[in-house]
Structures are given as structure tokens and as C-alpha cells.
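What follows is the residue order along each chain.
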Amino acid sequence: MIHTNANVDPAELSKFSDLAHRWWDPESEFRPLHEINPLRLAWIDGLAPLQNLKVLDVGCGGGILADSMARKGAHVTGIDLATKSLRVAQLHALEAGTPNIQYREISVESLADELPGEFDVVTCMEMLEHVPDPVSVVAACSRLVKKGGWVFFSTINRNTKAFLLAIVGAEYVLGMLPKGTHEYAKLIKPSELASACRAAGLDVFQSRGLEYSPLTRRYWLSHDTSVNYMLATRRTVD
């Protein structure tokens, strides 16, 4: 499908569509997503207990996070513009019998026009660094969540350490991600993301770093946001 005027980079869509059939293979290029998902899920659920909440996962890809949130008892909608990835997500939900989950091929901006203030929780993980206008995505996420609701973001910092670890190390040395997954110029500093959140009416509540040891091949959450990081925000009530 051609998405005219959508906030999307066709090359990014193509990149993930070509890998779509590998999304649910835990030993594939998506292995890091499978390994960090329990950490992200526990962090989100700890701040906003997901049971019975209406949740939107923006840029859901093959549905790894969306599926796990539905299994926590949330009513989940996953959206993406990569058709093949969405089909993989839908097929997995059918095969696994995942309850209370639906997927739609729609941009976050279009959905915000359609369903403003509809969701208790919005997640947007590992997506902002792949779109032409991340500020527009942040603003749309804010419009989609109820007042007092939670919006969670994760992305990669922009500095020398992040370049060496997240791009050179992860893509070219360790081969954890396909070469070309990330472009340095598109990475986002926490201060920039926090500023975009505040401008969109979101209060930054908590930040967490995500660290990795190549020796133990383990991930853990920390307070070090110098490379991979997550922000928990809440929609301003007044």
C-alpha cells in the first residue's frame, strides 16, 4: 500500500517488510526485541497495570510487545504501516490464540484524528528513530491517550557512545541487528524527546536505560540513558 503524505520513510518500511517472516523467530535479527520484551513489559505494567486497560501500540511491527500486553489482560490495538509485518502479527495472534488484540494499518496521526483520548496507555517503542518527523508522532500519541493516561517511548540516544555501541557494535561487530538498521542522524537525545513530550502536553514521569553485556548476552534496566533509553510520560490533566 502506498501511504501518501504519511509520516513514514518508504526505505524504513521496506527494510522491516523484507524481514517480516523472521519477526517471531527468537534466533533471528529480531532476537534483541524478544530478549528485551520481558523487561519493557514489566516496566510498563509496573507503572500502569495493564489488566483491562485499553492500550495502543504504535509501530507494533510483528506484534512482540502488543501480544505480550494482551496476555497481561489489556485490550490492545497495534498499528503499523508495514503491511507484511502486520500480517505476521495477525497470523501469530490467530495461531497463538491471543485474546483481545487487533491490528490496523494506519498512521498514528490519522488514528489520533479518528480516536482522540481513546486509550489508557499508548506505547511507542523503537519507532521514533525510524520516522521523518518524530515530534509529530509524539504529539499524536498524546492526542490518543486519555487525560492522566500513560505514554511510553523507547529510542536511542545520539552521542559517540551510542554510535559505537548501538550502531557499530550491534550492527557491524556483533551482528545483533541487520546493518543499516539505525542512522546516526535520526537518533534522539533524551532532552529532545522530553522537550517534544512537554510541548505535546505530556509530563515526563520516569526515565530508564537499557543496558547489554556482550559477554553474558543479558539485558537489564538501569538509570544510564546514554545509549538505549525509555521514557514514561503522563498526559497532563488540566
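Right above here is the structure, for reference.
Read on for an overview of the structure. If you're wondering where the values come from, they're calculated on a predicted model, not measured in any experiment.

1. Digging into a nonpolar patch on the surface
- Taken together, Phe-163, Leu-164, Leu-165 and Tyr-184 make up a surface patch of nonpolar side chains, about 360 Å² in accessible area.
- Along the polypeptide, Tyr-184 turns up in the loop between α7 (160–173) and α8 (190–199).
- You can call Tyr-184 partly exposed: its relative accessible area is 33%.

2. Observations regarding the pairing of strand β8 (residues 228–235)
- Here seven bridges tie strand β5 (residues 145–156) to β8, and the two strands are oriented antiparallel to one another. Paired with Ile-156 across the two strands is Asn-228, which belongs to β8.

3. Considering the nonpolar core
- Within the largest apolar cluster, 29 residues are counted, with the highest numbers of intra-cluster contacts made by Val-58, Val-122, Val-138, Cys-141, Phe-153 and Leu-193.
- With five residues, helix α6 (residues 134–144) is the largest single contributor of residues to this core.
- Each residue touching Cys-141, except ones within four places of it in the same chain, is listed here: Val-58, Val-108, Val-122, Cys-124, Val-151 and Phe-153.
- Listed in part, the 24 residues of the second largest apolar core include Ala-48, Ala-89, Ile-101 and Val-121.

4. Digging into the packing of aromatic side chains
- Inspection of the entire model under this criterion finds six aromatic pairs.
- Relative to Phe-152, the ring of Trp-43 lies with its centre 5.3 Å away and its plane at 75°, an arrangement referred to as edge-to-face. Of the two residues, Trp-43 is situated in helix α2 (residues 31–47) and Phe-152 in strand β5; the sequence distance between them amounts to 109 residues.
- Under the relative-accessibility criterion, Trp-43 is labelled buried at 7%.
- On the basis of relative accessibility, which here comes to 0%, the residue Phe-152 falls in the buried class.
- Judged by centre distance (5.0 Å) and plane angle (85°), the ring pair of Trp-150 and Phe-205 falls under edge-to-face. Linking Trp-150 in strand β5 with Phe-205 in strand β6 (residues 202–213), this pair joins segments that are 55 residues apart in sequence.

5. Re the environment of Arg-208
- Mapped onto the elements, Arg-208 comes out in strand β6.
- Measuring from C-alpha to C-alpha, the distance between Arg-208 and Ser-226 comes to 10 Å, with 18 residues separating the pair along the chain.
- In terms of polar contacts, Arg-208 uses its side chain to reach the side chain of His-223, at 3.4 Å.

6. Quick word on the sheet that holds strand β3 (residues 101–105)
- In space, the eight strands of this open sheet follow the order β3-β2-β1-β4-β5-β8-β6-β7, with mixed pairing throughout. Of all strands in the sheet, those bounded by a partner on one side alone are β3 and β7 (218–222). Strand after strand, the sheet turns through a mean of 20° between neighbouring axes, direction not considered.
- Inspection of the sheet shows strand β4 (residues 119–125) paired to β5 by six bridges, in the parallel sense. Following the sheet pairing, Thr-123 is matched in β5 by Phe-152.
- Strands in contact with α2 are β4, β5, β6, β7 and β8; relative to β7, the strand with the most contacts, it is inclined by about 25°.
- Against the sheet, helix α4 (residues 83–96) touches β2 (75–80) and β3, its axis set at about 165° to β3.

7. A short note on the pattern of salt bridges
- In total, this model carries eleven salt bridges according to the counting rule given.
- Notably, a salt bridge pairs Lys-146 with Asp-120, separated by 3.0 Å at the nearest N-O pair. Linking Lys-146 in strand β5 with Asp-120 in strand β4, this pair joins segments that are 26 residues apart in sequence.
- Note on Lys-146: relative accessible area 34%, which makes it partly exposed.
- The class of Asp-120 is buried, set by a relative accessible area of 19%.
- For Asp-224, the salt bridge goes to Lys-161, with nearest N and O atoms at 3.4 Å. Note that Asp-224 is positioned in the loop between β7 and β8 and Lys-161 in helix α7, a separation of 63 residues in sequence.
- On the accessibility criterion, Asp-224 (26% relative accessible area) is partly exposed.
- Among the charged side chains, a salt-bridge network with shared partners connects Glu-27, Arg-31 and Glu-35.

Definitions and cut-offs
- Residues numbered from 1 in each chain as written.
- Predicted model: local features only at pLDDT ≥ 70, side-chain atom pairs only at ≥ 80, totals over all residues.
- Heavy atoms only, no water.
- Patch = residues over 30% accessible without salt bridge, like charges linked within 9 Å, V, L, I, M, F, W, Y side chains within 5 Å.
- Areas by Shrake-Rupley, 256 points an atom, 1.4 Å probe, with all protein chains shown as cover.
- Salt bridge = Lys/Arg side-chain N within 4 Å of Asp/Glu carboxyl O.
- Helix = DSSP H or I, 4+ residues; strand = E, 2+ residues; numbered from the N terminus.
- Buried < 20%, exposed > 50% of the residue type's maximum accessible area, 1.4 Å probe, protein only.
- Pairing = 2+ DSSP bridges.
- Core = buried A, V, L, I, M, F, W, Y, C linked by side-chain atoms within 4.5 Å.
- Contact = heavy atoms within 4.5 Å.
- Phe/Tyr/Trp six-rings, centres within 6.5 Å; stacked < 30°, edge-to-face > 60°.
- Polar contact = N/O pair within 3.5 Å; in protein donor to acceptor, adjacent residues only side chain to side chain.
- Axes fitted to C-alpha atoms, helices over the stretch in contact; angles between N-to-C directions.

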